[in-house]
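# Examining the three-dimensional arrangement
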Amino acid sequence: AASSKLGYTLLMKALFRDKASVVQQHYAQSPDARGMNRTVRFALAMSDALFTCYARYIAKIMSASSPIFLSHFMHAPSHRADPFNSAVDGTCENGVTCHAADLGWIFPYSRLMQSTTGLRYAHREFDFALTYSEAIRAFAHGKNTSQWKPYSRALDQSLLWEVESTRVTTGYHREHCNFFERMGFPATAWDVRLSTVWI
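Residues numbered from 1 in each chain as written. Predicted model: local features only at pLDDT ≥ 70, side-chain atom pairs only at ≥ 80, totals over all residues. Heavy atoms only, no water.

## With respect to the pattern of salt bridges
- Applying the stated rule across the entire model yields five salt bridges.
- Between E181 and R56 there is a salt bridge whose closest N-O contact spans 3.1 Å. Here E181, found in helix α8 (residues 174-182), pairs with R56, found in helix α3 (residues 38-62); they are 125 residues apart in sequence, far enough to count as distant.
- Judged by its relative accessible area of 23%, E181 is partly exposed.
- The class for R56 is buried, based on a relative accessible area of 4%.
- The network of salt bridges with common partners includes R56, K60, D156, R174 and E181. (Salt bridge = Lys/Arg side-chain N within 4 Å of Asp/Glu carboxyl O. Helix = DSSP H or I, 4+ residues; strand = E, 2+ residues; numbered from the N terminus. Buried < 20%, exposed > 50% of the residue type's maximum accessible area, 1.4 Å probe, protein only.)

Structure follows, in structure tokens:
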């Protein structure tokens, strides 16, 4: 639906209401998005608004009073490891990390589950699943948190999880997140008392 100009415009309006044209213009001019087709560009804007930038916004607020850790799962699963997302959108196994793609890495498929369901990790994915799952469990139990970097507004750092490496980055999607925050999002995103309801 987002591939046509009309479909793209309607989806933007459904998500961003009266701010849709401003959001469209921002992403059309952004260096990382202007070369994308409309479907991928809409997915990026939606993902930023609902997940990436919203998580950063919450981290900024909470980091003032408690330790906060921000991370991003960057791996696009192979077809056999996550056939469900790829059935919805083929880009989910071609370089795009789709919603809930990390579940098979937080809760790795056992050998028995793989043989029963036909789900399979590709080369190096199983090792990554064990590493990622172990790090999540250790973090939940307050152990071995050395790889997790506390979030601070000044540094705006987060951890990127990839098969090849886990690394700290600064300002992940900063331009887009700053853009949304300047517009009052997400602070007022779901405030139904306002005349403008974002989402």
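Don't stop here, the text continues.
## Some remarks on the packing of aromatic side chains
- In the structure shown here, the tally under the stated rule is 15 aromatic pairs.
- Ring plane angle 45° and centroid distance 6.3 Å describe the contact between Y27 and F180, whose orientation is recorded as tilted. Of this pair, Y27 sits in helix α2 (residues 20-29) while F180 is found in helix α8, placing the two residues 153 residues apart along the sequence. F180 matches Y27 in its accessibility class, with the two residues each being buried.
- Seen in terms of ring centroids, F139 and W148 are 4.8 Å apart; in terms of plane orientation they differ by 40°. Their pairing is tilted.
- The partly exposed category is assigned to F139, whose relative accessible area is 33%.
- Put simply, the rings of F69, F73, W105, Y109, Y121, F126, F128, Y132, F139, W148 and W161 touch in pairs and so form one group of aromatic residues.
- Taking NZ or CZ as reference, R111 lies 4.1 Å from the ring centre of F126, over its face. (Phe/Tyr/Trp six-rings, centres within 6.5 Å; stacked < 30°, edge-to-face > 60°. Lys NZ or Arg CZ within 6 Å of the ring centre and 35° of its normal.)

## Side note on the environment of Y132
- You can see Y132 is positioned in helix α7 (residues 125-140).
- Overall, Y132 belongs to the buried group, its relative accessible area being 3%.
- Linking Y132 and W161, residues 29 residues apart in sequence, is a C-alpha distance of 7.9 Å.
- Excluding anything up to four places from it in sequence, Y132 contacts F73, D102, W105, I106 and W161. (Contact = heavy atoms within 4.5 Å.)

## Observations regarding α3
- Relative to the 36 Å expected for 25 residues at 1.5 Å per residue, α3 spans 34 Å between its end C-alpha atoms, a close match to the ideal helical length.
- Largest kink in α3: about 50°, centred on D48.
- Along α3, the positions that sit buried rather than exposed are R41, F42, L44, A45, D48, A49, T52, C53, R56, A59 and K60.
- Considering only its buried residues, α3 is in contact with α1 (5-16), α2, β1 (71-73) and α8.
- Of the residues flanking the start of α3, the one acting as N-cap is N37, its side-chain oxygen 3.0 Å from the backbone nitrogen of T39. (Expected span 1.5 Å × (residues − 1). Bend = angle between axes of the 7 residues up to and from the residue. Polar contact = N/O pair within 3.5 Å; in protein donor to acceptor, adjacent residues only side chain to side chain.)

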